[in-house]
Each structure stands twice: as structure tokens, then as C-alpha cells.
Amino acid sequence: MNITWLGHSSFIIVLENGKVLVMDPFDDKCGYETHPVKADYVFSSHDHHDHNCLDYITGEYTLINQPQAYTFPDMQVQGFATFHDASGGKERGLNTVFKIEAEGISLVHLGDIGEVPGDVFVKALGRVDVLFLPVGGVYTIDAAEAKEVVDAISPNIIIPMHYMTEHAAINIHPVTNFLTLINGIYDYSMLGKDTLEVSAGGLKKRSRVIIMEYS
């Protein structure tokens, strides 16, 4: 499969059969460019403007935005109910974590999770090959909490998201805070582009952090 970072917490995932998945599409207030995307499936972790904008999505897509199980011919999806803050949702409400299993790969998008999940959640999540991880704090878990999540889940590939860049119009922290904490503990590399090819046979033995470059 092919994974492209659109900026912020949004990604396009293209399966080998050509099906297009869009994760947490944002609106034009986020600072990143918006452009039409023809999708088959659209995931939205919660109803905030930087994660639920459908204005630029085209095609006869299926919207996936509930913490429940979904079964499709090309993938299995499980949504997990979590909180957008560390106060049981009192500050920012609910957030849905989505686990997608397709082509022998398990991908987990944490959305705007605002709490470090406990052992019960981690066990229910199971194996994670690719983890889309917010690291910018303020509205989500911060760098230190993000490291706690990685330590608990032990994903194969960690893709940071929801952090400050030169394009972002949302006041959050840069990815360097997270990289400082994991330096010497987890391998990490700067991809130098916005697209990553992932296959079940191409996974490494060690967990690694991949920083995608917004294009």
C-alpha cells in the first residue's frame, strides 16, 4: 500500500486494488493546502474542523466515524472510543481511534487522542504495524505521552502527526520535542518526501520512526 501525508493528521492510503482511504481530512483554516480527493472510504476521528472536513472529498465514499466494527471486502476496521483530553472528555469530548487491517498490515490512527491509553486498550488493540501518532500536545498527547504510547504499543512503524510545521496555522509543538525523547531508543529517519510504500514483507524487525515531509 501507499501512504501519503497531506499535512496535520490527514493521510491518503491507497491499497493495491486501487481503493482510496482518507484519514481525518482538514479544512482550509489549518494552514495546509486543500485540494479535491476522490475517495472510497473516509475516516474521521472526531467532529472538529481539522479532522472532519468533507468539502474537498469527492466520489461515492463510505464515511467511517463511529467506535464500532466495520467489515468491507478489502479491509477490516475497528473503532475504539477514547477521550480527546485527560479529563474524561470534559474539555474536548470524544475521539475515535481506528485500526485498519488490510493486505496483511495493521494500521492504527490515533486521531486527537488526549490520554495515554491503559493496558486494557493496548491489549484490545493487538498488533500494530503502522501507528499514526499525534506528538504536538496542546490539543492531544504531548511528546512525553506519545513516547509512553509507543513504548506500550510497540508498533513497527511510527509516523508522527499533528505537530507544528512552517505551514501549520494551529499552535502546537514541533516534532523535535518527540525526536529528542526517542533519540537513542528508537531508530528514526527523515523520509524526505510525503509518500511511503508499506508492505507486509517489507517490515523491519526493529520499531522505527519515520518523519514524512509535507509537499
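All of these numbers come straight from a predicted model, not from anything done at the bench.

Participant: Lay out the pairing of strand β13 (residues 157-161) with the relevant residues and their values.
Facilitator: With 5 of 5 residues buried, β13 lies mostly within the body of the structure. Here β13 shows two buried faces, one formed by I157, I159 and M161 and the other by I158 and P160. Crossover connection from strand β12 (residues 130-134) via helix α2 (residues 143-153) to parallel β13: handedness right-handed. Bridge analysis of β13 against strand β16 (residues 208-211) gives 2 bridges, and the strand direction is parallel. For I157, the partnering residue across the bridge sits in β16 and is R208.

Participant: Please set out the side chain of S45 residue by residue, giving values where relevant.
Facilitator: Note on placement: S45 falls in the loop between β5 (41-43) and β6 (57-58). A residue is classified by how much of its surface remains accessible, and S45, at 3% relative accessible area, is buried. Within the local environment of S45, its side chain forms a polar contact with the side chain of D24, the two groups lying 2.7 Å apart. If sequence neighbours within four positions are ignored, S45 has contacts with D24, H51, N95, T96, F98, G111 and D112.

Participant: An account of the sheet that holds strand β1 (residues 2-7) is requested, with residue identities and associated values reported.
Facilitator: To summarise the sheet geometry, strands pair through backbone hydrogen bonds and adopt either a parallel or an antiparallel arrangement. In space, the 6 strands of this open sheet follow the order β7-β5-β3-β2-β1-β15, with mixed pairing throughout. Bordering the open sheet on either side are β7 (62-64) and β15 (195-197), each of which pairs with just one other strand. If you compare each strand with its neighbour and ignore which way they point, the axes differ by 20° on average. As paired strands, β5 and β7 are joined by 3 bridges and run parallel to one another. The residue bridging Y41 from the neighbouring strand is T62, located in β7.

Participant: Could you give an account of the environment of G59, with specific residues and numbers?
Facilitator: You can see G59 is positioned in the loop between β6 and β7. Classification of G59 by relative accessible area gives partly exposed; the value is 38%. Distance in space between the C-alpha atoms of G59 and V37 is 8.2 Å, their sequence separation being 22 residues. Setting aside its immediate chain neighbours within four residues, G59 contacts K38 and A39.

Participant: Report on unusual backbone geometry, specifying residues and quantitative values.
Facilitator: A positive phi is found at V138, a non-glycine position, where the angle reads about 70°. Positive phi outside glycine occurs at H162, with the angle close to 55°. With respect to the helices, strands and loops of the structure, H162 is situated in the loop between β13 and α3 (176-182).

Criteria and thresholds
- Residues numbered from 1 in each chain as written.
- Predicted model: local features only at pLDDT ≥ 70, side-chain atom pairs only at ≥ 80, totals over all residues.
- Heavy atoms only, no water.
- Buried < 20%, exposed > 50% of the residue type's maximum accessible area, 1.4 Å probe, protein only.
- Helix = DSSP H or I, 4+ residues; strand = E, 2+ residues; numbered from the N terminus.
- Right-handed = clockwise from strand over helix to strand, strands pointing away.
- Pairing = 2+ DSSP bridges.
- Polar contact = N/O pair within 3.5 Å; in protein donor to acceptor, adjacent residues only side chain to side chain.
- Contact = heavy atoms within 4.5 Å.
- Axes fitted to C-alpha atoms, helices over the stretch in contact; angles between N-to-C directions.

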